[in-house]
Amino acid sequence: MGESALRQKFHGINPDLVPRKSLHTGATMPAIGMGTFGSDHVRAEQVAEAVKGAAAVGHRHFDCASVYGNEREIGFALQEIIRGGVRREDLWITSKLWNDKHAEEDVIPQCRKTLADLQLQYLDLYLIHWPFPNHHPPGCDVASRNPNAKPYIHESYMKTWRQMEELVDMGLVRHIGTSNMTIPKLQLVLRDARIRPAVNEMELHPHFQQPELFDFVQKNGLVPVGYSPIGSPGRPERDRTPEDTSPTEDPVIIQIAKRHGVHPAAVCVKWAAQRGQVPIPFSVNPRNYLANLRAVVEDPLTAEEMKLIASLDRNCRLIKGQVFLWKEGQSWEALWDMDGQITPS
Ligand SMILES: NC(=O)c1ccc[n+]([C@@H]2O[C@H](COP(=O)([O-])OP(=O)(O)OC[C@H]3O[C@@H](n4cnc5c(N)ncnc54)[C@H](OP(=O)(O)O)[C@@H]3O)[C@@H](O)[C@H]2O)c1
């Protein structure tokens, strides 16, 4: 069955109706993507199946990463999508360099590995996944520390960034970007980059709005890409603490959802897209990934609802990154430069 026939069969959305965000190169990206991190419990094959299903209902933007352990399976899905009639240039594929591959000699080979796994000639966007070169095995306990762990060292980060720039020069990657950064780290990167980051991927949802970083990113011409836009209800146990709150259980979000006749998750997605970030919700449920796409093309929130949601911020970071800490006894806040300065080593 052809691509548009499939879309009709599944009552999908015409991808031409999905809003787009402009990047500093003049290129545009779909204003919503689909996440592909199975949070250690959704199998690679299931995620790949969801990628195919999502493309069939009109998704064109997929947020991948080598550390999610499913790029090979997603590669077969992308092949099928392209064989089904979707042009490569109509897809937006992001991937990310993992923390054990920051060494200068590792960046290009690792990107080539991702390209081979995804069965692509180029990536639309390649991110440095975290600003710390601190590897930990997938699924490890939050208390585990890599004995060779290091803090953010700008000179080292820029060595990695130079290789990212090289990837653009080589035509393997169209845009490069950062993830899990802070204002003081981004200031240094923006000062020293030959090729500017096109996006910063960061946690963003109604209970964690990061207004300062969000404004900084936008003012500097980067697109904010918002991860865990629904509050990551499926995140691994190791990423949960008793203080965490859930935006989809917020009474205000529930009330707005009732008014629009949608799930609270769809309200989070609408708010994200209308605020100006690019949400990348994960889902393997066809009803949900279609609802997320639908959320950005129809029935927008009112200005009053947007204002109400702006007032719900609780500064509640869910993905704290404990495993990247470099010293015993440190608290996760050290990763996030809370006082506006890069936390010293
Ligand atoms: N750069 C980074 O460091 C970083 C960090 C974390 C995440 N990410 C990226 O961001 C993506 C999204 O974040 P996330 O996976 O943490 O969390 P999320 O997108 O906030 O939440 C995903 C969860 O929400 C459920 N869901 C999705 N749409 C729904 C809907 N319409 N109605 C009801 N439930 C819905 C999904 O369940 P079902 O599957 O049952 O629908 C899934 O359990 C990741 O997959 C990954 O690509 C990047």
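Residues numbered from 1 in each chain as written. Predicted model: local features only at pLDDT ≥ 70, side-chain atom pairs only at ≥ 80, totals over all residues. Heavy atoms only, no water.

Focus: the sheet that holds strand E8 (residues 199–203)
Two strands in a sheet stick together by hydrogen bonds in their backbones, pointing the same way (parallel) or opposite ways (antiparallel).
And then number 1: Across the sheet, eight strands lie side by side as E3-E4-E5-E6-E7-E8-E9-E10; this open sheet has parallel pairing. The sheet terminates laterally at strand E3 (34–35) and strand E10 (278–279), the two strands that pair on one side only.
And then number 2: Summarising the sheet, strand E7 (residues 176–179) and E8 pair through two bridges and their orientation is parallel. Paired with Ser 179 across the strands is Glu 201, a residue of E8. (Pairing = 2+ DSSP bridges. Helix = DSSP H or I, 4+ residues; strand = E, 2+ residues; numbered from the N terminus.)

Quick notes on the site of the ligand
And then number 1: With respect to spatial proximity, 29 residues lie near the ligand, and among them Asp 63, Ile 230, Ser 232, Ser 283 and Asn 288 are the closest.
And then number 2: Interatomic distance of 3.0 Å between a side-chain N/O atom of Ser 179 and a nitrogen atom of the ligand.
And then number 3: Interatomic distance of 3.3 Å between a backbone N/O atom of Gly 231 and an oxygen atom of the ligand.
And then number 4: When isolated, the ligand has an accessible area of 900 Å², and the protein chains bury 89% of it. (Near = heavy atom within 4 Å. Polar contact = N/O pair within 3.5 Å; in protein donor to acceptor, adjacent residues only side chain to side chain. Areas by Shrake-Rupley, 256 points an atom, 1.4 Å probe, with all protein chains shown as cover.)

Side note on unusual backbone geometry
And then number 1: For Asp 40, which is not a glycine, the phi torsion comes out positive at approximately 70°.
And then number 2: Positionally, Asp 40 belongs in the loop between E3 and helix H2 (44–56).
And then number 3: You can call Asp 40 partly exposed: its relative accessible area is 46%.
And then number 4: Unusually for a residue other than glycine, Asp 337 sits at a positive phi of about 50°.
And then number 5: By secondary structure assignment, the location of Asp 337 is in the segment after helix H11 (303–310). (Buried < 20%, exposed > 50% of the residue type's maximum accessible area, 1.4 Å probe, protein only.)

Regarding the packing of H2 against helix H3 (residues 71–83)
And then number 1: At a closest axis distance of 8 Å, the pairing of H2 and H3 adopts a crossing angle of 25°. As the angle between them shows, H2 and H3 are arranged roughly parallel. As H2 runs across H3, the sense of the crossing is right-handed. Where H2 abuts H3, its residues Ala 44, Glu 45, Val 47, Ala 48, Val 51, Lys 52 and Ala 55 lie against Glu 73, Ile 74, Ala 77, Leu 78, Glu 80 and Ile 81. (Axes fitted to C-alpha atoms, helices over the stretch in contact; angles between N-to-C directions. Parallel < 35°, antiparallel > 145°, perpendicular 65-115°, else oblique. Left-handed = near helix turned anticlockwise from the far one by under 90°. Contact = heavy atoms within 4.5 Å.)

Remarks on the state of the cysteines
And then number 1: Counted under the stated rule, the structure contains zero disulfides.
And then number 2: Summary of cysteine pairing: Cys 64 is not part of a disulfide, and the nearest cysteine sulfur, belonging to Cys 111, is at 12 Å.
And then number 3: Its relative accessible area of 0% is what places Cys 64 among the buried residues. (Disulfide = S-S within 2.5 Å.)

Let's talk about the packing of aromatic side chains
For any pair of aromatic rings, the description consists of the separation of the ring centres together with the inter-plane angle of the planes.
And then number 1: In total, this model carries seven aromatic pairs according to the counting rule given.
And then number 2: Ring geometry for Trp 130 and Phe 324: centres 4.3 Å apart, planes at 40°, overall tilted. Of this pair, Trp 130 sits in the loop between strand E6 (125–128) and helix H5 (154–169) while Phe 324 is found in the segment after H11, placing the two residues 194 residues apart along the sequence. Comparing Trp 130 with Phe 324, the two get one shared label, buried. (Phe/Tyr/Trp six-rings, centres within 6.5 Å; stacked < 30°, edge-to-face > 60°.)

Side note on the environment of Val 297
And then number 1: Structurally, the position occupied by Val 297 is in the loop between helix H10 (286–295) and H11.
And then number 2: Sequence separation between Val 297 and Ile 13 is 284 residues; the distance between their C-alpha atoms is 8.4 Å.
And then number 3: Apart from residues lying up to four places away in sequence, Val 297 is in contact with Ile 13, Leu 17, Val 18 and Pro 19.

Overview of the pairing of strand E9 (residues 223–227)
And then number 1: With five of five residues buried, E9 is to be regarded as a mostly interior element.
And then number 2: Here E9 shows two buried faces, one formed by Val 223, Val 225 and Tyr 227 and the other by Pro 224 and Gly 226.
And then number 3: With five bridges joining them, E8 and E9 adopt parallel strand pairing. By the bridge assignment for E9, Glu 201 is matched with Val 225.
And then number 4: Regarding the hand of the β-α-β motif, the stretch spanning E8, helix H7 (residues 211–219) and E9 is right-handed.
And then number 5: Relative to E10, E9 is paired through two bridges, and the arrangement is parallel. Pairing of Gly 226 across the sheet is with Pro 279, part of E10. (Right-handed = clockwise from strand over helix to strand, strands pointing away.)

Considering the nonpolar core
And then number 1: In this structure, Phe 62, Ile 93, Leu 123, Met 164, Leu 167 and Val 199 are the most contacted members of the largest nonpolar core, which totals 87 residues.
And then number 2: Per-element accounting of this core gives the leading share, six residues, to H2.
And then number 3: Beyond its immediate stretch of four places on either side in the chain, Phe 62 contacts Met 34, Val 51, Ala 54, Ala 55, Leu 91, Trp 92, Ile 93 and Thr 94.
And then number 4: Counting 12 residues, the second-largest nonpolar core is a separate cluster that includes Ile 256, Ala 257, Cys 268 and Ile 309. (Core = buried A, V, L, I, M, F, W, Y, C linked by side-chain atoms within 4.5 Å.)

Remarks on the pattern of salt bridges
And then number 1: Under the counting rule described, the total for this entry stands at 21 salt bridges.
And then number 2: The shortest N-O distance in the salt bridge between Asp 244 and Lys 320 comes to 2.8 Å. Of this pair, Asp 244 sits in the loop between E9 and helix H8 (251–260) while Lys 320 sits in the segment after H11, and the two are 76 residues apart along the sequence. Each member of the pair Asp 244 and Lys 320 is classed as buried. (Salt bridge = Lys/Arg side-chain N within 4 Å of Asp/Glu carboxyl O.)

Interpretation note: all reported values are geometric properties and have no functional meaning in isolation.
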